[in-house]
Amino acid sequence: MTGSSTHRALPTGTVTFLFSDVEGSTRLVGELEPLAYRDLLEQHHAILRMAFGRHGAVERGTQGDAFLVIFDDAPAAVAAAVEAQLALAAATWPGGAAVRVRMGLHTGQGIRGGDDYVGLDINRAARIAAAAHGGQVLVSDATRALVERSLPVGASLGDLGEHRLKDLTRSERIFQVVADGLPSSFPPLRVLDAAEGNLPVRLTSFVGRVRELGELATILEDARLVTLTGPGGTGKTSLAIALAGEVAGRFAHGAWFVPLQAVTDADLVPATIAATLGLVESRDATHEWLSTYLADRSLLLVLDNLEQVRSGAPFLGDLLRTAPGLRIVATSRAPLQLSAEQEYPVMPLSLPGPDRDPATAASVDSVRLFVERANRVQLGFSLTAENIDAVTGICTRLDGLPLGIELAAGRVRLLGAAAIADRIGRQLDLPGSAPRDLPERQRTLHSTISWSHELLDGPSRKLFARLAVFAGGWRIEEGDAVCGPSDELPVDFLEALSELAEQSLVKTSIGPDGPRFGLLETIRIFAAERLAEAGETDTIRRRHALSYLALAEASTAYVPGRDQRPWLARLSAEHDNLRAAIRWAIESGDAEVGLRLVAALWRFWQLAGHLEEGMSVSADVLKIPGADEPTTWRLKALDAVGSLYYWRGEQVRAGELYAEALEIARTLGDRRSIADAMFNLSFPTAMTHDVSAAETLGSEAARIYTELGDEQARARVEWATGSLMQFRGEIAASLPVLESALERFRQTDDVPYASVTMGSIGWAHMRLGHLADAIRYGSLSLLGYHALGDVSTTTLTLHAAAVLLATLGRPEEAAVVDGAFEALSRRYGVRPPVQLEQLLFGDEAIREVMSALREAPYAAAWARGRAMSIDEAVDYAVLAGEDWLAAADDAGPDGAIPSDDHSRH
């Protein structure tokens, strides 16, 4: 055999194709200087050619970082792949880059066609390689059959199941080569049938736990609820995620990770599950509709950090009873004590024995974890005769706790293994490092974090403690505002944050608007203790609340508006921090901050479907001492809370709150607030059948807006005027008023109110029998709300769409959409006012039709709609309308479709 892959004639007959390429090579090109990337590529090529050549490969060619080599012997191909991956993992790369190569092997017929191969086998090899992740070696079933008895020493094959590959009609059973010294855990394969879900992608490999994963996978075949228990730091979360990744293929609707560390109210657990599944909650109805949603789904939930909300665990039992295809894996420091529960205590990693042979010790899970994590901060770190005592001593003194080991390994570059072992030994022997009544392992972990904390410099310690106030992570901007300024730390915030991240005290991720940072809950609790010791808890919690108040108030310039969707996503990402800010205002009795948060957040609660939560929180804020003073902030909060009740369909209570807001506005002499309160009050007034009084309020509001020069507000009053005309039954006369308002909204780029107005125009056309225009305007309105991420108004518009479809003579389609409306209205906590339905939803005949839709023969269609997501319901309703329009076009002028001459609208 030669030392590099040869260029002899391409072999034919039965051959093994091996494809490889560098994962993320485009990113590397952007990160490295051109010369550094050139050197990296040359080093990569040299390593692969050496490994491939030693096993008799014939190199077909390279393209950039990609290789295609061919072997006469399948076992030699696998041996070459393992050797190459080991060499790649041990290499030190230019610019400190991380180079991870994916490889795929398939054995088949090597059929020459000109200067190349032809046939499906070479394409199958390429697709197998494309399914892999960096550092992973995949082989086909054909290759497996030839190599499973001739694998390299320390290597084995893991069955990843059968998968469909791009452009290939026949599915392929794929196996992963597992070898000592190489990562063994990867995300799901990149294949066409990858399961749904949101399992976190590991940026580091999952070390050990092979026995536990096998046991848990077997247990989960029969047990509906498996709870991984144990103290903080044992790796429960990592094990749960790895288990979910192993078994995700069993579940047609995927595996979903639900982090609960920031949830302290057990009543919010169902809502958090719903949000993770892409739903949004209605607090009162969450149990019912979540059970309905999961009833016919095959799905795995991973509920992480349940210990602080164990009182809500009985809900999980109810969920399992109503959803037979559901399995739950939970992590908790204590069992949930449910009848369906199978507890699985998670023990620390295995510890090294007395044998000090590096090869033997390297196979022990705790040592493997230390070496791998140390190699991430100091490239080339390995177990040697010189450091084996220190490394095994570290793992033993840390009792095999994964978190402690990772924290210790993060200090290798700074101190070296011997110094780490010495410091840990001395720290663990110090009295009082943790309460003596805690379990030994928990005291060990506490001491480990304490030791890592002691190694930080003063500014980094101060920052670490202050970061404990964040719930659910933070962005750089809020982190700096809360934990700075630099003259207090005193150090640049990013510099100190980078130090904490490097030492594994802070974790990083990518959020909807850039990098996010967070603390593991165990570490956050420790940091909170340090913050209390420093006497800064009250100060930093106030800063935190004020920072998120500033974010909430900044959002009001965009919500509602054309650009509201990114802001809704941002507020959703910060939901836990916003909750913490309001909780601080309530607990500290800061009425102004609480009222301002309610005023700023009500639109988010309404648009994103958190009405029930908003109403509950607002009620507590209004009880804060001093919140009843007639101030500007109470005025704005009353407007907000009144609007929440309005969207819940509770018009009497909404009117009472708006009336009090109007009284305060008049007391303060705030003309704009007077106009706003009158405008708001006109709606519940009209809903309670006093249309004349509502028109008077609207006219007075319009007069003030005109004096203030507010064209956008005037347009909104004009829309309200047209709506009130509809309440009076003046349907035809309302159209020009509404069309004028729509033109104003388009001129002022008021996209949300343009959608509202198109809905009102469409409704008028329906009542007038102009059904084609009713469909067109109604669809534009529905699609507009949906594009803005406004789940509340989208849901209510689906109700109107159901009525329209019933009017069109499409009862089955109307039943589907009405079923979707009913489920979604419960999910998001939004209801149309009873008075509005009486005034606008047609005559008694239509109401009878709507009632009949929920009974036979349409019950099945209605149930089908209840199972739809909001996206599916919108698509269905719009397509149903388009189908009617197409039928109208086919019918022509002599058809049965009602004619109208309003298509110009």
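In the block above lies the structure referred to throughout.
Residues numbered from 1 in each chain as written. Predicted model: local features only at pLDDT ≥ 70, side-chain atom pairs only at ≥ 80, totals over all residues. Heavy atoms only, no water.

A. Structural view of the overall build of the protein chain. From N to C terminus, the protein chain includes 40 helices and 15 strands. For the protein chain, with 905 residues in total, the buried portion stands at 54%. Of the contacts formed within the protein chain by residues at least 6 apart in sequence, a portion of 73% connects residues at least 24 apart. As presented, the protein chain carries roughly 37,100 Å² of accessible surface, and 51% of it is formed by carbon and sulfur atoms. (Helix = DSSP H or I, 4+ residues; strand = E, 2+ residues; numbered from the N terminus. Buried < 20%, exposed > 50% of the residue type's maximum accessible area, 1.4 Å probe, protein only. Contact = heavy atoms within 4.5 Å. Areas by Shrake-Rupley, 256 points an atom, 1.4 Å probe, with all protein chains shown as cover.)

B. The arrangement of the sheet that holds strand E9 (residues 225-229) in detail. Here 5 strands make up an open sheet; going across it, the order is E10-E11-E12-E9-E13 and the pairing parallel. What marks the edges here is a single partner per strand, and that holds for strand E10 (255-259) and strand E13 (341-345). Going from strand to strand, the sheet's axes swing by 20° on average, the running direction of each strand aside. Relative to E13, E9 is paired through 5 bridges, and the arrangement is parallel. (Pairing = 2+ DSSP bridges. Axes fitted to C-alpha atoms, helices over the stretch in contact; angles between N-to-C directions.)

C. Structural context of the packing of aromatic side chains. Scanning all chains against the criterion turns up 15 aromatic pairs. When the ring of Tyr558 is compared with that of Trp567, the centres are 5.1 Å apart and the planes differ by 10°; the resulting orientation is stacked. Note on Trp567: relative accessible area 15%, which makes it buried. Note on Trp719 and Tyr753: the rings are 5.7 Å apart at their centroids and 80° apart in plane angle, and the pair reads as edge-to-face. Of this pair, Trp719 sits in helix H31 (residues 711-727) while Tyr753 sits in helix H33 (residues 751-768), and the two are 34 residues apart along the sequence. Each member of the pair, Trp719 as well as Tyr753, carries the same accessibility label: buried. For the cation-ring pair, Arg530 lies above Phe526, with the distance from its terminal atom to the ring centre recorded as 4.2 Å. Its end group placed over the ring of Tyr645, Arg653 keeps NZ or CZ at 5.9 Å from the ring centre. (Phe/Tyr/Trp six-rings, centres within 6.5 Å; stacked < 30°, edge-to-face > 60°. Lys NZ or Arg CZ within 6 Å of the ring centre and 35° of its normal.)

D. View of the packing of H33 against helix H34 (residues 771-787). In contact at an axis separation of 8 Å, H33 and H34 are set at 155° when each is read in the N-to-C sense. Here H34 runs roughly antiparallel to H33, going by the angle between their axes. In terms of crossing hand, the pair formed by H33 and H34 is left-handed. Only Leu771, Asp773, Ala774, Tyr777, Gly778, Leu780, Ser781, Gly784 and Tyr785 of H34 make contact with H33, whose side of the interface consists of Pro752, Ser755, Val756, Met758, Gly759, Ile761, Gly762, His765 and Met766. (Parallel < 35°, antiparallel > 145°, perpendicular 65-115°, else oblique. Left-handed = near helix turned anticlockwise from the far one by under 90°.)

E. Representation of the side chain of Arg570. Counting through the fold element by element, Arg570 comes out in helix H23 (residues 564-573). The contacts of Arg570, once residues within four sequence positions are left out, are Arg475, Glu478, Asp513 and Leu551.

F. Quick look at unusual backbone geometry. With omega at -20°, the peptide bond leading from Leu489 into Pro490 counts as cis. Here Pro490 is to be found in the loop between helix H19 (476-483) and helix H20 (493-502). Look at the link from Val559 to Pro560: it is a cis peptide, with omega at 5°. One non-glycine residue, Gln337, lies in the positive phi region at around 60°. Residue placement: Gln337 occurs in the loop between strand E12 (326-332) and E13. Located in the positive-phi region is Asp749, a residue other than glycine, with phi close to 60°. The topology assignment puts Asp749 in the loop between helix H32 (731-747) and H33. Of the residues examined, Asp749 reaches a relative accessible area of 38% and is grouped as partly exposed.

G. Spotlight on the pattern of salt bridges. Applying the stated criterion to the full structure yields 52 salt bridges. Between Glu822 and Arg826 there is a salt bridge; the shortest N-O distance is 3.3 Å. Residue Glu822 and its partner Arg826 are both found in helix H36 (residues 811-828); the two are separated by 4 residues, about one turn of the helix. According to the relative accessible area criterion, Glu822 is buried, its value standing at 6%. (Salt bridge = Lys/Arg side-chain N within 4 Å of Asp/Glu carboxyl O.)

H. Seen up close, the environment of Ser779. Take Ser779: it is sitting in helix H34. Spatially, the C-alpha atom of Ser779 lies 9.9 Å from that of Asp875, the residues being 96 residues apart in sequence.

I. Spotlight on the packing of helix H22 (residues 537-555) against H23. Where H22 contacts H23, the two axes come as close as 10 Å, and the packing angle between them is 160°. When the interaxial angle is binned, H22 and H23 end up roughly antiparallel. Read as a crossing pair, H22 and H23 show a hand that is left-handed. On the side of H22, the interface is formed by Leu551, Ala554 and Ser555, while H23 contributes Trp567, Arg570 and Leu571. Among the residues forming the contact of H22 with H23, the class breakdown is 4 nonpolar, 1 polar and 1 charged. (Nonpolar A, V, L, I, M, F, W, Y, C, P; charged D, E, K, R; others polar.)

J. Structural detail: the side chain of Ser825. Within the element layout of this structure, Ser825 appears in helix H36. Once you skip the residues sitting within four places of it in the chain, Ser825 turns out to touch Thr795, Val830 and Arg831.

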